[in-house]
There are 2 protein chains.
Amino acid sequence: MKETFGEYIHKLRTEASLTLTKLAAALDIDQSTLSKIENGKRNIPEEILPKLADIFNLDINQLEKEYFSEKIAEMIYPKENSSEFLKLAEQKAEYKRLTNLKQGKIDFKNA
Amino acid sequence: MKETFGEYIHKLRTEASLTLTKLAAALDIDQSTLSKIENGKRNIPEEILPKLADIFNLDINQLEKEYFSEKIAEMIYPKENSSEFLKLAEQKAEYKRLTNLKQGKIDFKNA
DNA sequence: ATAATTTTTTCTATTTTTGACAAAATTGTC
DNA sequence: GACAATTTTGTCAAAAATAGAAAAAATTAT
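Conventions adopted
Residues numbered from 1 in each chain as written. Chains lettered and ligands numbered in written order. Predicted model: local features only at pLDDT ≥ 70, side-chain atom pairs only at ≥ 80, totals over all residues. Heavy atoms only, no water. Least-squares fit on C-alpha atoms with pLDDT ≥ 70 in both. Contact = heavy atoms within 4.5 Å. Near = heavy atom within 4 Å. Polar contact = N/O pair within 3.5 Å; in protein donor to acceptor, adjacent residues only side chain to side chain. Helix = DSSP H or I, 4+ residues; strand = E, 2+ residues; numbered from the N terminus. Nonpolar A, V, L, I, M, F, W, Y, C, P; charged D, E, K, R; others polar. Buried area = accessible area lost by both parts, 1.4 Å probe. Salt bridge = Lys/Arg side-chain N within 4 Å of Asp/Glu carboxyl O. Buried < 20%, exposed > 50% of the residue type's maximum accessible area, 1.4 Å probe, protein only.

As named in an unreviewed UniProt entry, chain A is Helix-turn-helix protein, taken from Seonamhaeicola aphaedonensis.

*Asks:* Can you tell me about the relation of the copies chain A and chain B, naming the residues and giving the values?
*Replies:* When chain A is fitted onto chain B, the two copies agree to an RMSD of 0.1 Å after a turn of 180 degrees and an axial shift of 0.1 Å. Overall, the copies show the geometry of a two-fold rotation axis. Comparing interface residues between copies, 85% of those in chain A also sit at the interface in chain B, which points to an isologous, same-surface contact.

*Asks:* An account of the protein's contact with DNA strand C is requested, with residue identities and associated values reported.
*Replies:* What surrounds DNA strand C is a group of 15 residues, the closest being Ser32(A), Arg42(A), Arg13(B), Leu20(B) and Lys41(B). Ser32(A) places a polar side-chain atom, nitrogen or oxygen, 2.8 Å from a base nitrogen of DNA strand C. A distance of 2.2 Å separates a phosphate oxygen of DNA strand C from a polar atom in the side chain of Lys41(B). Secondary structure elements with two or more residues in the surface near DNA strand C: helix H3 (31-38) of chain A together with helix H3 (31-38) of chain B. Tallying contributions element by element places H3(B) first for the surface near DNA strand C, with 4 residues. Class assignment of the residues belonging to the surface near DNA strand C gives a composition of 1 nonpolar, 7 polar and 7 charged.

*Asks:* Give a detailed account of the protein's contact with DNA strand D, specifying residues and quantitative values.
*Replies:* Neighbouring DNA strand D are 13 residues, the closest being Arg13(A), Leu20(A), Ser32(A), Lys41(A) and Arg42(B). Backbone atoms, meaning sugar and phosphate, form 50% of the atoms of DNA strand D found within 4 Å of the protein. At 3.4 Å, a side-chain N or O of Asn39(A) approaches a phosphate oxygen of DNA strand D. Contributing elements (two or more residues each) for the surface near DNA strand D: H3 of chain A together with H3 of chain B.

*Asks:* Tell me about the interface of chain A and chain B, residues and numbers included.
*Replies:* With 46 residues of chain A in contact, the opposing surface of chain B contributes 45 residues. Between chain A and chain B, roughly 4800 Å² of surface is buried when both sides are summed, and carbon and sulfur atoms account for 67% of that area. For chain A, the biggest contributors to the area lost against chain B are Tyr77(A), Lys92(A) and Tyr95(A); these three give 15% of the whole. At the junction of chain A with chain B, the criterion picks out 8 salt bridges. Put simply, Lys96(A) and Glu74(B) hold a salt bridge, and the shortest N to O gap is 2.8 Å. Linking chain A with chain B are 13 residue pairs in polar contact (both at pLDDT 80 or more). Within the residue set of the side of chain A that touches chain B, elements represented by two or more residues are helix H1 (5-15), helix H5 (60-76) and helix H6 (82-102) of chain A. The leading source of residues in the side of chain A that touches chain B is H6(A), at 16 residues. Counted by class, the side of chain A that touches chain B contains 18 nonpolar, 11 polar and 17 charged residues.

*Asks:* Can you break down the side chain of Arg13(A) residue by residue, with the values?
*Replies:* Residues and elements named next belong to chain A. With respect to the helices, strands and loops of the structure, Arg-13 is situated in helix H1. Side chain to side chain, Arg-13 and Glu-38 meet in a polar contact 2.7 Å long. For Arg-13, the contacting residues outside a window of four places in its chain are Leu-18, Thr-19, Leu-20, Leu-23, Leu-34, Glu-38 and Phe-56.

*Asks:* Outline the pattern of salt bridges, listing residues and values.
*Replies:* Following the criterion strictly, the structure yields 14 salt bridges over all chains and no others. The salt bridge partner of Lys11(A) is Glu3(A), with a shortest N-O separation of 3.8 Å. Take Lys11(A): its relative accessible area is 35%, and that puts it in the partly exposed class. Here Lys65(A) and Glu84(B) are joined by a salt bridge, their closest N and O atoms 2.3 Å apart. In this pair, Lys65(A) sits in helix H5 while Glu84(B) sits in helix H6 (residues 82-99), so the two residues belong to two different chains. Lys65(A) sits in the buried class, given a relative accessible area of 14%. Within this structure, Lys92(A), Lys96(A), Glu66(B), Glu70(B) and Glu74(B) form a network of salt bridges that share partners.

The following block contains the structure:
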């Protein structure tokens, strides 16, 4: 059972015995914002990912995977047949990849 | 190979021999907006889905599937290992579903 | 070339999101 | 219970993103 991204951060923070104030300072955001992030009430700015990876010694790619899959989950979780959405999404992604390759305007550096 | 949602609308429109102006009027949006939608340069307002279903006699559920999977595809298509993102997303969606966590209702005490 | 259609540009208005602060609530300790 | 530390919530203005409309530019068809 996968937790949400906010819960993940919460776990990391508490296991490291950090207060919201301290971690927020390290991430350069307000502590109230961090609280809202952990509780899923605020968008997570992508810029904090590398800082999180640095502070907690995490694989940045894994973090990004958690981050984006969270956004997708947010979109599909109210749908009954979500796996159908995902299957179709994968086909469409493949299509976009191919058509954009033809036009030579894609960048896999951050993939 | 699945087309984009914009291309799908374009196909529907041209097969019905409708101009941008006419269809846009029926959808109650500007024709320049419809042009951008067909060309993937503008977000697609969810409100047009029922109108599209009505005009072209389509299954609204299928339309919604196309609509949301398009949004997901937009997010993941630059990622190389997109299927991993989707697998994780499905787990997270399941988690959200089970714990019934709507935005702003996370309670770690009971988590 | 002209006309019709489509695409792009530009501008303004509206909505949404953000960051910061302070107040309220919760938690833990004595 | 009282107290301090931590966390959560609410508010509000500023910033950013998005929408809508009109018109110019480009494309397509006759």
